[in-house]
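Analysis of the macromolecular model
Residue strings, one per chain:
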Amino acid sequence: MNTSNPTNLYDLAPPRLEQALGAIVSPPFRVKQIEEWMYVRGVDAFDAMTNIPKELRGALAEHYTIAFPEVVERTTPATDGSQKYLFTLRDGNRIEAVYMPMGDRTSVCLSSQAGCAVGCTFCVTGFFGAGRNLSPGEMLGQFFTIQHEHDVPMESMNVVFMGMGEPLLNFENMVTTLDVLYRSIAPKRITVSTSGIIPGIEELAKLPRRPNLAVSINAPDRRRREEIMPITKKYPLEELIASLKKYPSEKGREITIEYVLLAGYNDSHSDALALAKLTHGLRAKVNAIPFNEDPNLPPWMKRPKEGSIDRFVDTLVRNGVQVTVRRSKGRDIAAACGQLRGKSVAKSRATRG
Ligand code: SF4
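Residues numbered from 1 in each chain as written. Predicted model: local features only at pLDDT ≥ 70, side-chain atom pairs only at ≥ 80, totals over all residues. Heavy atoms only, no water.

Comments concerning unusual backbone geometry
The following threshold applies: For helices the rule is a DSSP run of H or I covering at least 4 residues; for strands it is a run of E covering at least 2, with both sets numbered from the N terminus onward.
The omega angle of the peptide bond from S26 to P27 is -5°, so this bond is cis rather than trans. Topologically, P27 is positioned in the loop between α1 (14-24) and α2 (29-40). Phi is positive for D151, which is not a glycine, with a value near 50°. You can see D151 is positioned in the loop between α5 (136-149) and β9 (157-161). Positioned with a positive phi, N218 is a non-glycine residue whose angle comes to about 70°. Among the secondary structure elements, N218 is positioned in the loop between β11 (212-216) and α8 (222-228).

Notes on the packing of helix α10 (residues 269-278) against helix α11 (residues 306-318)
The cut-off we apply is this: Angles shown run from 0 to 180 degrees and are taken between the N-to-C directions of axes, each axis being a line fitted to C-alpha atoms and, for helices, limited to the stretch in contact. When the near helix sits turned anticlockwise from the far one by under a right angle, the crossing is termed left-handed; a clockwise turn instead gives a right-handed crossing. Contacts: residue pairs with any heavy atoms within 4.5 Å of one another.
Where α10 contacts α11, the two axes come as close as 9 Å, and the packing angle between them is 35°. The two elements α10 and α11 meet at a crossing, and its hand is right-handed. Residues H269, D271, A272, L273, L275 and A276 of α10 touch α11, and the partners they reach there are F312, T315 and L316.

Section: the sheet that holds strand β12 (residues 255-261)
Backbone hydrogen bonds are what pair the strands of a sheet, in a parallel or an antiparallel way. Rules: The pairing criterion is simple: DSSP has to find at least two bridges between the two strands.
Sheet architecture is open: 10 strands sit in the order β3-β4-β5-β6-β9-β10-β11-β12-β13-β14, paired in mixed fashion. A single partner strand is all that each edge strand has here, and the edge strands are β3 (70-74) and β14 (322-325). On average, each strand axis in the sheet is tilted by 25° relative to the strand beside it, whichever way the strands run. One ladder, built from 3 bridges, connects β9 with strand β10 (residues 190-194); its direction is parallel. Looking across to β10, one finds that V160 is bridged to T191.

Comments concerning the side chain of N287
Among the structural elements, N287 can be located in strand β13 (residues 284-290). Discounting residues that sit within four places of it in the chain, N287 has contacts with T256, I257, E258, Y259, T324, V325 and R326.

A few points about the pairing of β12
How we decide: Exposure is judged per residue with a 1.4 Å probe applied to protein chains only, and the accessible area is read against the type maximum: over 50% gives exposed, under 20% gives buried, and values in between give partly exposed. Here is how to tell: hold the view so the strands point away, follow the path from the first strand over the helix to the second, and if it runs clockwise the crossover is right-handed.
Most of β12 is tucked away, with 7 of its 7 residues classed as buried. The two faces of β12 match: I255, I257, Y259 and L261 on one face and T256, E258 and V260 on the other face are all buried. For β11 and β12, the ladder comprises 3 bridges, and the chain directions are parallel. Its bridge partner being in β12, S216 is matched across the sheet by E258. In this view, the connection linking β12 to its parallel neighbour β13 by way of α10 has right-handed handedness.

Some words on the pattern of salt bridges
Should the charged atoms of two oppositely charged side chains come close, the side chains can pair. For clarity, the cut-off: Salt bridges are identified by distance alone: a Lys or Arg side-chain nitrogen within 4 Å of an Asp or Glu carboxyl oxygen.
Taken as a whole, this structure holds 17 salt bridges when the rule is applied. The shortest N-O distance in the salt bridge between R132 and D91 comes to 2.6 Å. Residue R132 is located in strand β8 (residues 132-133), and its partner D91 is located in the loop between β4 (83-88) and β5 (94-102); the two are separated by 41 residues in the primary sequence. D91 sits in the partly exposed class, given a relative accessible area of 45%. In this structure, D271 engages R224 in a salt bridge whose closest nitrogen and oxygen atoms are separated by 2.9 Å. Here D271 is found in helix α10, whereas its partner R224 is found in helix α8, with 47 residues between them in sequence. Accessibility classification places D271 together with R224 in one group, the buried group. Three or more residues are tied together by salt bridges with common partners; here these are E18, K32, E35 and R183.

Comments concerning the domain arrangement of the protein chain
The following threshold applies: Those domain boundaries reflect an automatic or database domain assignment. Note on definitions: buried area is the accessible-area loss of two parts on being combined, 1.4 Å probe, summed for both.
In terms of domain boundaries, the protein chain breaks down into domain 1 (7-65) and domain 2 (70-352). Computed from C-alpha coordinates alone, the two centres of domain 1 and domain 2 are separated by 33 Å. In this assembly, 13 residues from domain 1 lie in contact with 13 residues from domain 2. Counting each side, the surface lost to burial between domain 1 and domain 2 is near 970 Å², with a carbon and sulfur contribution of 59%. Of all residues in domain 1, the largest losses of buried area upon contact with domain 2 belong to Y10, D11 and Y39, amounting jointly to 47% of the total for that side. Where domain 1 packs against domain 2, one counts 1 salt bridge. A salt bridge links E35 to R183; the nearest nitrogen and oxygen atoms lie 3.6 Å apart.

Here it is, written out as structure tokens:
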């Protein structure tokens, strides 16, 4: 028995899973049954596969695992029902995911990396620095754990890769994860959010089935975007917008331009006008996200007052921009990227210190 470090079958791309199973599973229809248990039902134990003979389940367990990351903390549900999860990975890394009920639909926000090297200055994950790529099993495990715990029907699920990490810097594992999710969730129900990694956007554009694309812009000009998103030095704002203009648009789908609103920094009337101009000609909508304050982040970064948020949005709307505001989903449970892990890291540093 391989007890050292057995392969997690969720980490294999679907064609490789078929190959791996084909070597030990017969007759062939059993492969389809196992795939169904994994990809549609999302089980994390071979013994849960009740229509698979016991001996075969035992043989699978001899060679492989189907493990998920372990939940170490769940926040108390917020007033809007959202709940944040902190998971621990096999190597001790910690990642976050968020459950967000929204009427007849439910969104889950997943992490793609355990940390992030992109270093956006308004982001707690960026503050704590780089981590490793998550495997497909680690991403799917966040999804299925939350889906099971809340017993959400697959047809009501939306998935957003907007948690810790830059998904387009973990491209291959992201594509495998998407391929599995597509078994039960339509691509238009899945969103991948990027800080603007142009080569990744170009690769995404080539996929036969594409998720929705969200791009974090956060400033209407290059100078300020470089200040708060240093990645702009590598992928300049003008080139990023040009790559979005070339991105293949599908019927009824637009790119989401995310814009974190920082009081007195990027939330003025003229900033809204400049953002409208920047996004002119893009099939896009703006998602304005009032900043979530956090003790790990620069003290000058503040959430704008409600009146300023309203004025910013009004200016966009009057200039023909479609816009939504992410008001407070999960705000009281520190739902912004990396904040829960940030708290746990800060706590353990204080304990050690
Ligand atoms: S906002 Fe996203 S890309 Fe930027 S540092 Fe945070 S996790 Fe990384």
